[in-house]
Amino acid sequence: MAVSPIIADGITFASALALLAFGITLLYVCTRTFNFAHASMATWGLYVMYTGVELFGGSPYQYLPLAFLFGALLGVICYVFINGPLLRRGASEVTLMMSTLGYDILLLSLIQIYCDYLTRVYKLYPRMVTMSKYDFEIFGVRAATIVSLASTIGILIALHLFLHKTRFGVAVRATIENPPLANIIGINSEIVYMTSWIIGGGLASLGGAMISMVLTGNPVMGSLIVVSMFAASILGGLFSIYGGALGGYVVGLAEYMGLYALKLSVGPWILMYRPVIPLIIMAVTLLFLPQGLAGIPWASIIEKFKGGEKR
Amino acid sequence: MIPPIVSLILSIIMECGLFTIVTLSLNLEVGFTGLPQFGRVLAVEVGAFAVGGVAARILAYMLGFSAGAKYANYNYNYRIVDAIEAVLAKNVALCVGYFILALVLAALSGAFIGWLTSRPAIRLREAYLGISLLAWGDVLMWVARNWWPLVGGTNAVHVPDPLSPISETFGGFYRFMVMSFLIFGFAILTYIYLERITKSPFGRALKMHRDCELAASVYGVDLVKLRTKCLVIGSAIAAIAGALYVIYSCTCSAYTFSRVTWTFWPWAYMMLGGTGSNAGVFVGVFIFIIIRTLINIYKVDIAELFHLPFDPIWLEYTLVGLALILIVLFKPHGLIPEKSEPIVSRKKIQEIIGETSGKKGK
């Protein structure tokens, strides 16, 4: 079973991007916060994995849960000290964005400091990380592809079950739908906000750790792919968390495979313009489909299609 | 010899002037109009490339040098620019003309890019608008980094110096001094211009748009036109800052213009000084630049004093990030908050209230 490495890496990239975009969308629908700090949270995920592998050895994948926990911790800090007080004050969307922007710059500086620390104390080279050299193959496919695809789908299913089958999940959905009404019937929206930051932050770091298996890791890795994350969540529609994940897959695969197809037809110079692809997707979405993928009335389209067939 | 403290003060003046222009233009769009402009770097970049990529080429063409793709090739670029500067050093009128041409080109292309970005701004709101503006800021950066005929791609292009007569006759230091004061002068001009604009009926319409769009449209303000006008003016001013920076540094590189330096830092300066207050912008920029310069000068001493196992340069980022968070949390209106300028005085309002409540009593 041979899978072309382009397709395999594309799937890895797209799965990680789906998790990242899912986190952004979740935070946006739950707390009205468009999280700029997702960039640096993702980079922290990479460095948790890198530190684990370099200092304690083992396979990079065993540090993925740790990356999730660390991201969740970053999310909780952001909620407790920054986002929570602002939400209680009823701050505007732009103010909330600004606060996460400050948090992002703060986290970025801590990453840079940490990298300097690793360089000087442990004589490592954390500014040029290739995690893929620790990867291994399962049935001729890179483990990264299988792990990322499986964990993304697993996480999405788990979260779906959580939101639909548990009491707390229903409370979360109620808070998303109508916060004042949810408060009236006794749902503590603070806990819901906190949960969304735990999940969002954790997924950010997890996604960042996974995406580093196909990218070169450096302190600004998150800032470089943040536009892809934003494009994915915009494509998803910003109000449906599943739309965010779907958008992540579309943007990720378009970046990898669409670019590869273009390279074959136009020439290799097009590879340089890879970061422009998510921007084009974003522009087209905003112009023609401002509600995103989730805004398309899929149900009625399928209905129509079926109806047409019957007649 | 020139004492180092003099050149230090000059470089502080230069940076303050430069970032004041950028931050004032940001303040016009964010503080007065309420547009989440997270893509300030775009207009600055456009202004810079208009000088480094277009105005310099026009000059090269006029003087009979190759102005095509060869101009930006790093094998030829410095020779062409050296030759141009040799001509410029003897021709003051040409220098003035080139300087004006550069600024006008930058302002025009900035205005054009402002108009372009205003197209999505008509439909989008808050977070959506902020993200799309941020994304547009990145497009040009990627194009400029990879399409070398524009400004050299990964290599920087040199830019002919319109002040070469000064550096030729008096030396490099006097050129630096003149340039610093020139940039600061432009900052003051921008300040006066924006103070006039924001105190005019147009400025009041901007504030009305920020505070309540519905009320603005009820009073007959064309919201689309207003946003377009605001973005065009703001981007043109930011583009002039980019042009001045390129002329100051005599090089133009796609790598100079990063999102953090030209969008996020001006945001921090503006938030510290006070959004919606032009005087506040001056104060915010000044404080931040002083602190950043101090960190830069004493970074070696700081590292030795505290035995830091990292480069203290990153403390700049820590500082900016922390400052942004603390300002948003504890001082959301900044150090010099915007003054409310009621159209009707307080006394008059109290009179009216007194009259109406008196009538109710009867």
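Residues numbered from 1 in each chain as written. Chains lettered and ligands numbered in written order. Predicted model: local features only at pLDDT ≥ 70, side-chain atom pairs only at ≥ 80, totals over all residues. Heavy atoms only, no water.

Caption draft 1: Structural view of the overall build of chain A. The helix and strand tally for chain A stands at 12 helices and two strands. Starting at the N terminus and ending at the C terminus, chain A contains elements arranged as α-α-α-α-β-β-α-α-α-α-α-α-α-α. For chain A, whose C-alpha radius of gyration is 20 Å, the value lies close to the compact-globule estimate of 19 Å for 311 residues. Counting only C-alpha atoms and orienting by the principal axes, one finds that chain A spans roughly 55 × 55 × 35 Å. When burial is assessed residue by residue, chain A has 56% of its 311 residues classed as buried. For chain A, the proportion of contacts with a sequence separation of at least 24, taken over those separated by at least 6, is 76%. Total accessible area computed for chain A in this model is approximately 13100 Å², and 71% of it derives from carbon and sulfur atoms. Charge centroids of chain A, computed over 17 positive and 12 negative side chains, lie 4 Å from each other. (Helix = DSSP H or I, 4+ residues; strand = E, 2+ residues; numbered from the N terminus. Rg over C-alpha atoms; globule rule 2.2 N^0.38 Å. Buried < 20%, exposed > 50% of the residue type's maximum accessible area, 1.4 Å probe, protein only. Contact = heavy atoms within 4.5 Å. Areas by Shrake-Rupley, 256 points an atom, 1.4 Å probe, with all protein chains shown as cover. Lys, Arg positive; Asp, Glu negative; His and termini not counted. Charge placed at Lys NZ, Arg CZ, Asp CG, Glu CD.)

Caption draft 2: Seen up close, unusual backbone geometry. All names here are of chain A. Although it is not a glycine, R32 adopts a positive phi angle of roughly 60°. Relative to the elements of secondary structure, R32 occurs in the loop between helix 1 (5–31) and helix 2 (38–56). In the Ramachandran plot, K123 falls in the positive-phi region, its phi being about 55° despite a non-glycine side chain. Within the element layout of this structure, K123 appears in the loop between helix 4 (93–122) and strand 1 (137–138).

Caption draft 3: Focus on the interface of chain B and chain A. On the side of chain A, 45 residues touch chain B, which itself brings 38 residues to the contact. A combined buried area of about 3800 Å² lies between chain B and chain A, and 78% of that area is made up of carbon and sulfur atoms. Applying the counting criterion to the chain B and chain A interface returns zero salt bridges. For the interface between chain B and chain A, the tally reads six residue pairs in polar contact (both at pLDDT 80 or more). (Buried area = accessible area lost by both parts, 1.4 Å probe. Salt bridge = Lys/Arg side-chain N within 4 Å of Asp/Glu carboxyl O. Polar contact = N/O pair within 3.5 Å; in protein donor to acceptor, adjacent residues only side chain to side chain.)

Caption draft 4: Representation of the pattern of salt bridges. All names here are of chain B. By the definition in use, this model includes eight salt bridges over all chains. The residue R40 makes a salt bridge to E29 at a minimum N-O spacing of 3.2 Å. Separated by 11 residues along the polypeptide, R40 in helix 2 (residues 40–62) and E29 in helix 1 (residues 4–32) bring together distant segments of the chain. Accessibility expressed as a relative area gives 1% for R40, which makes it buried. Residue E29 is classed as buried on the basis of its relative accessible area of 0%. Linking E213 and R227 is a salt bridge whose minimum nitrogen-to-oxygen distance equals 3.4 Å. In this pair, E213 sits in helix 11 (residues 213–218) while R227 sits in helix 12 (residues 223–249), placing the two residues 14 residues apart along the sequence. Note on R227: relative accessible area 3%, which makes it buried.

Caption draft 5: Layout of the packing of helix 13 (residues 259–273) of chain B against helix 16 (residues 314–330) of chain B. All names here are of chain B. For the pair helix 13 and helix 16, interaxial distance at closest approach is 9 Å and the crossing angle is 45°. In terms of orientation, helix 13 and helix 16 fall into the oblique class. Once helix 13 is placed against helix 16, the crossing between them reads as left-handed. When helix 13 is examined against helix 16, the residues V260, W265, A268, M271 and L272 are found in contact with a partner set consisting of E316, Y317, V320, L324, I327 and V328. Looking at side-chain class alone, the contact of helix 13 with helix 16 contains 10 nonpolar, no polar and one charged residues. (Axes fitted to C-alpha atoms, helices over the stretch in contact; angles between N-to-C directions. Parallel < 35°, antiparallel > 145°, perpendicular 65-115°, else oblique. Left-handed = near helix turned anticlockwise from the far one by under 90°. Nonpolar A, V, L, I, M, F, W, Y, C, P; charged D, E, K, R; others polar.)

Caption draft 6: Geometry of the packing of helix 1 of chain A against helix 10 (residues 241–266) of chain A. Residues and elements named next belong to chain A. With their axes 6 Å apart at the nearest point, helix 1 and helix 10 run at an angle of 150° to one another. Taken together, helix 1 and helix 10 sit at an angle that is classed as roughly antiparallel. In the crossing of helix 1 with helix 10, the sense of the turn from one axis to the other is right-handed.

Caption draft 7: Main features of the confidence of the model for chain B. Residues and elements named next belong to chain B. Per-residue confidence for chain B gives a mean pLDDT of 84, with 98% of residues at or over 70. The spread of mean pLDDT over the elements of chain B runs between helix 3 (residues 69–72), the lowest at 75, and helix 12, the highest at 91. Scoring of the predicted complex yields 0.86 for pTM and 0.83 for ipTM. (pLDDT = per-residue confidence, 0-100.)

Caption draft 8: Expanded view of helix 5 (residues 143–165) of chain A. Residue and element names in this part refer to chain A. Spanning 23 residues, helix 5 covers 32 Å between terminal C-alpha atoms, matching the ideal 33 Å at 1.5 Å per step. Those residues of helix 5 not exposed but buried are A143, A144, T145, S148, T152, L156, L159 and L163. Structurally, helix 5 contributes buried residues whose contacts are with helix 1, strand 1, strand 2 (141–142), helix 6 (167–177), helix 8 (189–211) and helix 10. (Expected span 1.5 Å × (residues − 1).)

Caption draft 9: Up close: the packing of aromatic side chains. On inspection of all chains with the given rule, the structure shows 30 aromatic pairs over all chains. Centroid distance F34(A) to F230(A): 4.8 Å. Interplanar angle 65°. Geometry classified as edge-to-face. Pair noted here: F34(A) is in the loop between helix 1 and helix 2 and F230(A) is in helix 9 (residues 221–236), with a separation of 196 residues, a long-range link. The two residues F34(A) and F230(A) agree in class, both being buried. Ring centres of F38(B) and W267(B) lie 4.7 Å apart, and the angle between their planes is 10°; this geometry places the pair in the stacked category. (Phe/Tyr/Trp six-rings, centres within 6.5 Å; stacked < 30°, edge-to-face > 60°.)

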